[in-house]
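Coordinate analysis (summary)
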Amino acid sequence: MKGIFGPALPDNAEEEIKCPRCGFMFELASTSSAHASTSCPQCGENIDLNHALVIDASNEDY
């Protein structure tokens, strides 16, 4: 199989959404993934999930 693949994510990696308005990063709730949008829990900004910035983040406390 040809193509470029990124490195495998570590076991503690989580996908988080970054709010374009305030920069707050939060994990997407399982019920939100069925919808095309969600709102930022910090500032209330409506975020289109089709254009959201998704970041792989560690769940370690450091």
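Definitions and cut-offs
- Residues numbered from 1 in each chain as written.
- Predicted model: local features only at pLDDT ≥ 70, side-chain atom pairs only at ≥ 80, totals over all residues.
- Heavy atoms only, no water.
- Helix = DSSP H or I, 4+ residues; strand = E, 2+ residues; numbered from the N terminus.
- Buried < 20%, exposed > 50% of the residue type's maximum accessible area, 1.4 Å probe, protein only.
- Contact = heavy atoms within 4.5 Å.
- Areas by Shrake-Rupley, 256 points an atom, 1.4 Å probe, with all protein chains shown as cover.
- Disulfide = S-S within 2.5 Å.

**Focus: the overall build of the chain**
When helices and strands are tallied, the chain shows 0 helices and 5 strands. Starting at the N terminus and walking to the C terminus, you meet the elements of the chain as β-β-β-β-β. Among the 62 residues that make up the chain, the fraction classed as buried is 18%. Within the chain, residue pairs in contact and separated by at least 24 positions form 41% of the contacts whose partners lie at least 6 positions apart. Total accessible area on the chain is roughly 5,000 Å²; 49% of this is exposed by carbon and sulfur atoms.

**With respect to the environment of Gly-44**
Considering the arrangement of structural elements, one finds Gly-44 in the loop between strand 3 (37-39) and strand 4 (46-48). Note: C-alpha distance between Gly-44 and Cys-22 (22 residues apart in sequence) is 9.6 Å.

**Side note on the state of the cysteines**
A full pass over the atoms with the stated rule returns 0 disulfides. Free of any disulfide, Cys-19 has its nearest neighbouring cysteine sulfur in Cys-43, separated by 3.7 Å. Cys-22 carries a free sulfur, and the closest cysteine sulfur to it, the one in Cys-43, is 3.8 Å from it.

**Section: the environment of Gly-23**
Here Gly-23 lies in the loop between strand 1 (13-18) and strand 2 (25-27). Classification of Gly-23 by relative accessible area gives partly exposed; the value is 30%. When the C-alpha positions of Gly-23 and Gln-42 are compared, they lie 9.3 Å apart, and in sequence the two are 19 residues distant.

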